[in-house]
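Results of the structural survey
Here's the letter readout for the chains.
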Amino acid sequence: MTILVTGARGAVAGELIALLRRRGLPVRPASSRPEDPSVVACDLTDPATFPAALAGVDSVFLYAEPSHIDAFVKEAVTAGVSHLVLLSSSAVLAPDPDANPLAKSHLDVERALTAAPVRGTLLRPGTFAGNALAWAWPIKAGAPVSLPFPGSYVDPLHEADLAEAAAAVLTDPALGGRAYTLTGPDSITCAEQIGVLGRAIGRDIAIKQVTREEWKAEMADYLPGPIADALLDWQQLNDGVPTEITTDLEHLIGRPGRPFATWAQEHTAAFTP
């Protein structure tokens with residue numbers, strides 16, 4: 001039962017590959033830019049890479065790249081793949097996801113998988129704990145962290161827990177074929193996350209509340225305008241509104257997820273000079 005894991009250099013895929021290997025399962029790591037011979041080329045924007053990557057594969061862990069998803073699904077069917085597991089996003093559950101560039105890319109892939117003659121499983125995480133790495137530079141520099149909505153709630157999900165959930169649906173046929181909304185164990189505000197990081201590194205971290213436009217200007221080199229607007233709209237929607245915590249993760253991995261404080265302790269080096 002060879003499992004193709006796309007996006008091998010990503011945090012979730014990397015955890016998943018290591019987990020499946022520890023269980024003695026045949027894994028084929030794949031990346032758009034493989035850096036060693038153990039990783040095959042599979043660029044989801046280049047259908048020419050699909051046949052070799054999918055040959056002899058039974059299951060696929062897929063990240064959401066919509067540009068050639070129909071070609072990928074067609075090649076997977078031809079190769080005899082029986083199960084596609086998508087790393088989607090809970091953004092698809094927001095109002096009018098087709099108008100949201102963050103949600104639409106995931107939704108387009110979900111629709112392709114749902115229409116495919118192959119069993120599909122949709123993993124819809126909320127906020128990755130690793131998103132906090134976006135604050136690493138100002139925290140390391142001793143500068144305030146700019147927050148447009150300090151009171152916006154998130155549900156930080158540890159990437160290792162998400163990898164465990166993916167491993168569960170890939171290896172237990174009884175769990176596949178449905179959608180799971182995966183959250184971390186706690187609903188906390190962005191400001192509270194900063195507090196957790198401060199306790200992890202042993203010093204207070206200042207917060208600077210900024211306007212939407214000020215934040216967009218700070219992020220202009222990293223985020224296109226429409227993506228920045230979508231992120232800001234999402235934060236504003238959740239400002240003062242606690243995130244609903246689901247039980248799907250615990251159902252899949254058999255325990256509660258790791259709290260954000262655990263992730264923070266594991267990543268203190270990223271936030272200290």
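Just above, that's the structure.
Now for a look at the structure at hand.

Calculation notes
- Residues numbered from 1 in each chain as written.
- Predicted model: local features only at pLDDT ≥ 70, side-chain atom pairs only at ≥ 80, totals over all residues.
- Heavy atoms only, no water.
- Helix = DSSP H or I, 4+ residues; strand = E, 2+ residues; numbered from the N terminus.
- Rg over C-alpha atoms; globule rule 2.2 N^0.38 Å.
- Buried < 20%, exposed > 50% of the residue type's maximum accessible area, 1.4 Å probe, protein only.
- Contact = heavy atoms within 4.5 Å.
- Arc of directions from axis to C-beta.
- Pairing = 2+ DSSP bridges.
- Axes fitted to C-alpha atoms, helices over the stretch in contact; angles between N-to-C directions.

**Focus: the overall build of the protein**
Counting its secondary structure elements, the protein contains eleven helices and eleven strands. The C-alpha radius of gyration of the protein comes to 19 Å, within 12% of the 19 Å expected for a compact globule of 273 residues. C-alpha atoms of the protein, sized along the principal axes, occupy 55 × 40 × 35 Å. Residues classed as buried in the protein amount to 45% of the 273 residues present. For the protein, the proportion of contacts with a sequence separation of at least 24, taken over those separated by at least 6, is 74%.

**Let's talk about helix α3 (residues 69–79)**
Every buried residue of α3 is listed here: Ile-69, Phe-72, Val-73 and Ala-76. Buried residues of α3, seen end-on, are gathered within an arc of 95° and therefore sit on one face of the element. Set apart from the buried face of α3 by more than 90 degrees, the exposed residues are Asp-70, Lys-74 and Thr-78. Residues of α3 that are buried make contact with α2 (50–54), β4 (59–63), β5 (83–87) and α4 (101–115). Taken from the residues just after α3, Gly-80 is the one with a positive phi, measuring 90°.

**Overview of the sheet that holds β4**
The parallel open sheet is built from seven strands, whose spatial order is β3-β2-β1-β4-β5-β6-β9. The open sheet terminates on both sides in strands that have one partner only, identified here as β3 (40–41) and β9 (179–182). Inspection of the sheet shows strand β1 (residues 3–5) paired to β4 by three bridges, in the parallel sense. Residue Val-5 lies in a different strand from β4, and its bridge partner there is Phe-61. Contacts from α4 reach β4, β5 and β6 (119–125), with the element oriented near 165° to β5.

**Things to note about the environment of Gly-120**
Looking at the secondary structure, you find Gly-120 in strand β6. Separated by 150 residues in the primary sequence, Gly-120 and Ala-270 place their C-alpha atoms 36 Å from one another. Excluding residues within four positions of it along the chain, Gly-120 makes contact with His-83, Leu-84, Gly-177 and Arg-178.

**As for the environment of Val-154**
Tracing the backbone through its elements, the reader meets Val-154 in strand β8 (residues 153–154). Expressed as a C-alpha distance, the spacing of Val-154 and Thr-181, which sit 27 residues apart in the sequence, is 14 Å. Once you skip the residues sitting within four places of it in the chain, Val-154 turns out to touch Thr-127, Asp-186, Ser-187, Ile-188, Cys-190, Gln-193, Trp-234 and Thr-243.

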